[in-house]
Protein chains: 2
Amino acid sequence: MIVKDYMQALGERARAASELMLSCDSASKNNALLAIARFLDEDRAIITAENARDLEQGKNKGLDPALLDRLELTPARIDSMIEGLSQVASLSDPIGEITDLKYQPSGIQVGKMRVPLGVIGIIYESRPNVTIDSASLCLKSGNVAILRGGSEAAYSNQAVAVCIRKGLAEAGLPQDAVQVVETTDREAVGELITMTKYVDVIVPRGGKSLIERISRDAKVTVIKHLDGICHVYIDDKADLEKAFNIALNSKTHRYGVCNAMETLLVHEGVAADILPRLQQAYTEKGVELRGCERTLAVLSGIVAATEEDWDTEYLAPILSIKIVDDMHDAITHIRAHSSLHTECIVTENYTRARHFLSVVDSSSVMVNTSTRFADGFQYGLGAEIGISTDKIHARGPVGLDGLTSQKWIVLGDGHILS
Amino acid sequence: MIVKDYMQALGERARAASELMLSCDSASKNNALLAIARFLDEDRAIITAENARDLEQGKNKGLDPALLDRLELTPARIDSMIEGLSQVASLSDPIGEITDLKYQPSGIQVGKMRVPLGVIGIIYESRPNVTIDSASLCLKSGNVAILRGGSEAAYSNQAVAVCIRKGLAEAGLPQDAVQVVETTDREAVGELITMTKYVDVIVPRGGKSLIERISRDAKVTVIKHLDGICHVYIDDKADLEKAFNIALNSKTHRYGVCNAMETLLVHEGVAADILPRLQQAYTEKGVELRGCERTLAVLSGIVAATEEDWDTEYLAPILSIKIVDDMHDAITHIRAHSSLHTECIVTENYTRARHFLSVVDSSSVMVNTSTRFADGFQYGLGAEIGISTDKIHARGPVGLDGLTSQKWIVLGDGHILS
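The rules we used
Residues numbered from 1 in each chain as written. Chains lettered and ligands numbered in written order. Predicted model: local features only at pLDDT ≥ 70, side-chain atom pairs only at ≥ 80, totals over all residues. Pairing = 2+ DSSP bridges. Helix = DSSP H or I, 4+ residues; strand = E, 2+ residues; numbered from the N terminus. Core = buried A, V, L, I, M, F, W, Y, C linked by C-beta atoms within 7 Å. Buried ≥ 20, exposed ≤ 12 C-beta atoms within 10 Å, placed from the backbone. Contact = placed C-beta atoms within 7 Å. Expected span 1.5 Å × (residues − 1). Least-squares fit on C-alpha atoms with pLDDT ≥ 70 in both. Axes fitted to C-alpha atoms, helices over the stretch in contact; angles between N-to-C directions.

Asks: How should I be thinking about the pairing of strand S2 (residues 109–116) of chain A in this particular structure?
Replies: Regular strands show a simple pattern: their side chains alternate between the two faces of the sheet. Residues and elements named next belong to chain A. Sheet topology note: the strand S1 (residues 98–103)/S2 ladder contains four bridges and is antiparallel. By the bridge assignment for S2, threonine 99 is matched with lysine 112. Counted between consecutive antiparallel strands, the loop separating S1 from S2 contains five residues, among which glycine 107 sits at a positive phi close to 105°.

Asks: Which parts of the structure should I look at to understand the nonpolar core?
Replies: Across soluble globular proteins, you tend to see nonpolar side chains buried next to one another. By size, the foremost hydrophobic cluster in this structure holds 72 residues, and its most contacted members are Ile36, Ile120, Cys138, Ala145, Ile146, Val178 and Ile202 of chain A. At seven residues, helix H2 (residues 26–42) of chain A tops the list of elements feeding residues into this core. Contacts of valine 178 of chain A, omitting those with residues within four sequence positions, involve Ala135, Cys138, Leu139, Ala145, Leu147, Ile164 and Leu168 of chain A. Within the second largest apolar cluster, 71 residues are counted, among which are Met7, Ile122, Val144 and Val222 of chain B.

Asks: Honestly, helix H2 (residues 26–42) of chain B in this entry has me stumped. Any pointers?
Replies: Since the α-helix packs 3.6 residues into each turn, any two residues three or four apart lie on the same face. All names here are of chain B. Here H2 contains 17 residues, and its C-alpha end-to-end distance of 24 Å stays within 8% of the 24 Å for a straight helix at 1.5 Å per residue. What H2 keeps buried is the set Lys29, Asn30, Ala32, Leu33, Ala35, Ile36, Ala37, Phe39 and Leu40. In the core, the buried residues of H2 are packed alongside helix H3 (44–61), helix H5 (75–90), helix H6 (129–140) and helix H7 (154–170).

Asks: Looking at this model, I keep getting lost on the interface of chain B and chain A. Mind explaining?
Replies: Facing 59 residues of chain B, the contacting portion of chain A comprises 59 residues. Those elements giving two or more residues to the side of chain B that touches chain A turn out to be strand S2 (109–116), helix H10 (240–252), helix H14 (350–359), strand S14 (364–369) and strand S17 (404–415) of chain B. Looking at the side of chain B that touches chain A element by element, the count peaks at 11 residues for S17 of chain B. Here strand S17 (residues 404–415) of chain A pairs with S14 of chain B via five bridges, running parallel. The residue bridging tryptophan 408 of chain A from the neighbouring strand is serine 364 of chain B, located in S14 of chain B.

Asks: Honestly, the relation of the copies chain B and chain A in this entry has me stumped. Any pointers?
Replies: For these two chain copies, the linking operation is a rotation about an axis paired with a shift along it. Take chain B, turn it by 180°, move it 0.0 Å along the axis, and it overlays chain A with an RMSD of 0.1 Å. With respect to symmetry, the two chain copies, as superposed, fit the operation of a two-fold axis. It is histidine 393 of chain B whose C-alpha, among those of chain B, lies nearest the rotation axis, at 2.0 Å. Looking at the interface residues of chain B, 100% of them are also at the interface in chain A, so both copies use one shared face.

Asks: In this structure, what is going on with the sheet that holds strand S13 (residues 342–346) of chain B? I would like to understand it.
Replies: Through backbone hydrogen bonds, the strands of a sheet pair up, either in parallel or in antiparallel fashion. Overall, mixed pairing links the 10 strands, which are arranged S1(A)-S2(A)-S17(A)-S14(B)-S13(B)-S8(B)-S9(B)-S12(B)-S10(B)-S11(B) in an open sheet. Of all the strands in the sheet, the pair left with one neighbour each is S1 of chain A together with strand S11 (303–304) of chain B. With two bridges joining them, strand S10 (residues 288–291) of chain B and S11 of chain B adopt parallel strand pairing. Looking across to S11 of chain B, one finds that arginine 290 of chain B is bridged to valine 303 of chain B. Of the strands in this sheet, S17 of chain A together with strand S8 (230–234), strand S9 (261–267), strand S12 (318–324), S13 and S14 of chain B are in contact with H10 of chain B, which crosses S8 of chain B at around 165°. With respect to the sheet, helix H13 (residues 327–337) of chain B is in contact with S8, S9, S12 and S13 of chain B, its orientation differing from that of S12 of chain B by roughly 135°.

Worth remembering: the numbers are spatial, not functional.
Here it is as structure tokens:
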């Protein structure tokens, strides 16, 4: 098989399906989602058997245990895929929503209608449940999906793809509305991210190296998330009880997540008050602290932070701490080191809260809130395909709306321009 | 001068200025716009003299008269630049607008705040008034502009740039908020469209070949407009009086514009009624008609349209006409040949109007309205930097909002995730 030809043919089918999706109603999309859920349930034995083949191959290849764990489709994970599908079915349909329809001085009525982006290419790694998760969000938002999972999950993904096709067919939707790339050849990714004629946007879901490689080589627009180097700044006007809880929760609620705090900035006026209490709490949780010079003067028994620490997403129980002169000093540090994901100020001061919200240019900017809330579900999006650290098109948690565009609609009554 | 180093330094200054712009208020931006207008007025003699140098060089180089005309800054065009600045100053500030601020079940309040994109690179050709037009829209939307005009307008653009810098300085804004690239070396464009570290978006304003070249080579996101192959479909349920007026206005109001109709699609049921009347009106206006086979059977004395005609943006008094079986046939033609700019259906039938609005995937979709209304001013945007035929980020007429992004803001009261 010539990979380029295979991908082009797949793209052509996707584009044709995306035109059919434009006239498909909410009920058909929901019926398809629920039918896919039913087929997943019915085909559990097949899916588990195919997943076992992937697991065995993975073990033979010596994949590390963490990767094998992500690869496994336990009964609970299949349940959760089924549950996810019915959740997405229950969300309201974003497509066709008309907003801002207003009369203009000429007499025409102008508004915006929400429409699908078209064809979305999703590239991901080992977890086969991402196949269902991505397919359901694309489908609900009227898009066509081309899914390219990791080669280590090929059998599992194809077994899931069969359920998807059966569900689409049952609901009368084009079966090419979701295509799972069959070849595990790397060239397929190169083709997918450059065939601008057939693909409207690429969403890579995986580790940083995957995302960097795709962003570098893509000709299609990429909605991406790179680092999550999130900061909490404790102001000297903070309520120290809130500050303590937020600093602790932002770091220790979960470690391996992009919205965990990686650097704590503390106003010098309250550092001596709050840092020793925090040190005790962090130490109890097993968090390693690395401090700036001034922090070392306040806290004993911690290591010095290097310049590299300020630019590191630990994704681990490690926290760097810096004492700053004031809010402006904190903002300067954030501008230099943030990945523009999520930043929080803890303060009771109205003017500072307002200033911080305005000038910090991250995808989420918070006042008196744990950074762990930066999440599509917490923001009320109902679902999340990822968190974008870009400014173009979609920013922060990306839900169904992030997978759509808006076109202008104009209603007249024979209006002509004079 | 090494072009790469020059552009990198310029980019670095732009990025620094864009951080300063984040804390600048509406009044300062408006003051700057009005001060620039005043300096343009005061420096008319200098601007005219510099423009004369460009014109003389252009004549010596043998530039064609149409290009020389676009290059000339007549007193009326300087007036219009001044007027444009005060119009943009009078628009409401898009930045800082908070929308959808809602309480979530957890108790946090989540909303979106409109923010500048950052640094916008604008690449344009001969018309020096685009310098002011682009600078004013970027400035008003809190962005920093890097402007790269055509080499044939270099003296004019630099004279205008001096006024811009004086205006920015007077209003206390960073002078690097608008930089006009001084080198006319082509390499500067190549650098501008690839320095993703310093530039957030590129807006090319000019002919198709310029835009295609930039889109092909850019690494920065491009907001672009390619063709305007716009269609009007006259349904058999149309009010033929409205249809006549719309078909005439869409084609003949102006020829060299992207929102002019290039192909007229007519339902076979009304073709014999309306086409002869339209032929007479078009002929009076000097419009050349090219028809499909069925059209040739209805209209005499017109030439046959070739396959190429359906894909051609004439930008001239030429119109291709096709008789179609029904609305679905019209939509099929539009899907195959439209540039996704603007399409209109003329019908009195509710169901067809609604279907056409839903399934035609162009940046503007109209019912009973001349395509000539597809314009930022007519849509109430107050200004327009261009019309995007892309689906990502900005679509159709792009006004101030199209030059912005939104970040999430989260307000809490010590909320932590449990």
